[in-house]
Amino acid sequence: MITRNTPSEGKKGAMFTVSAGTLALTVLGIILFIFAEPVITWFRNDPEVIEIGTAALRWQCISAIFLSASVTGNMLFQSIGKARHAFFLASLRTGLFYIPLILVLPRVMGVTGIEIAQPVSDVLSAVVSIILAGRFLQRLDTDK
């Protein structure tokens, strides 16, 4: 027998996924943030590379908190067959936000602009994902 999930079950599932992912990425991000310098030295023993790499890795650790929201939003739209929404959300992180940021931020902020371009793109993508997925999930209750 095939059963359909109710809108509230769908909301609960999405919230659980975002919450569990955010918790896991926060814990891992904190650990990696603390040990960023030793991790970078595994790859290169150049003081300048270690300094820049440590800063870049720490920025990534901070933005990782937001990745669960953008990935879950993207998967939500893929799973319900809304390919355009899913494609749009997938394009934000590595294209629509990242490319302009990587072209502009280094000119304004130097090396720091390079370090923060991807994390800023991740956060902006998560914000858009939260807005779109939130609107969709709110409509579930009214479309009964």
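Bear in mind the structure is a predicted one, so any value in this text is a computation, not a measurement.

Peer 1: Any chance you could explain the overall build of the protein here in plain terms?
Peer 2: What the protein contains, in helices and strands, is 7 helices and 0 strands. Helices and strands in the protein line up, N terminus first, as α-α-α-α-α-α-α. Taken over C-alpha atoms, the radius of gyration comes to 18 Å for the protein, far larger than the 15 Å a tight globule of 144 residues would show. Projected onto the principal axes, the alpha-carbon positions of the protein cover approximately 60 × 30 × 20 Å. Across the 144 residues that make up the protein, the buried fraction comes to 31%. Pairs at least 24 residues apart make up 66% of the contacts formed inside the protein by residues separated by at least 6 positions. Here the protein contributes 12 positive and 9 negative side-chain charges, whose respective centroids are spaced 16 Å apart.

Peer 1: Would you mind showing me how to read the packing of aromatic side chains here?
Peer 2: Scanning all chains against the criterion turns up 1 aromatic pair. Ring centres of F77 and F136 lie 5.8 Å apart, and the angle between their planes is 65°; on these two criteria the pair is classed as edge-to-face. Taken together, the residues F77 in helix α4 (residues 67-79) and F136 in helix α7 (residues 111-142) connect sequence positions 59 residues apart.

Peer 1: Just checking my understanding: could you explain the layout of surface pockets for this structure?
Peer 2: Any space left empty among the atoms is revealed by the rolling of a water-sized probe across them. Approximately 180 Å³ is the volume attributed to the second largest pocket. Every residue along the wall of the second largest pocket is listed here: A14, M15, V18, A69, T72, G73, L76, S129, I130, A133, G134 and L137. Those elements giving two or more residues to the lining of the second largest pocket turn out to be α1 (7-34), α4 and α7. For the lining of the second largest pocket, the leading source of residues is α7, giving 5 residues. Taken together, the residues of the lining of the second largest pocket sort by class into 8 nonpolar, 4 polar and no charged.

Analysis parameters
- Residues numbered from 1 in each chain as written.
- Predicted model: local features only at pLDDT ≥ 70, side-chain atom pairs only at ≥ 80, totals over all residues.
- Heavy atoms only, no water.
- Helix = DSSP H or I, 4+ residues; strand = E, 2+ residues; numbered from the N terminus.
- Rg over C-alpha atoms; globule rule 2.2 N^0.38 Å.
- Buried < 20%, exposed > 50% of the residue type's maximum accessible area, 1.4 Å probe, protein only.
- Contact = heavy atoms within 4.5 Å.
- Lys, Arg positive; Asp, Glu negative; His and termini not counted.
- Charge placed at Lys NZ, Arg CZ, Asp CG, Glu CD.
- Phe/Tyr/Trp six-rings, centres within 6.5 Å; stacked < 30°, edge-to-face > 60°.
- 1 Å grid on protein atoms, 1.4 Å probe; cavity = no way out; pocket = protein on both sides within 12 Å on 5 of 7 lines; lining within 4 Å.
- Points joined across faces, edges and corners; volume = space filled by probe spheres on them.
- Nonpolar A, V, L, I, M, F, W, Y, C, P; charged D, E, K, R; others polar.

Function cannot be read off these values alone, since they describe shape.
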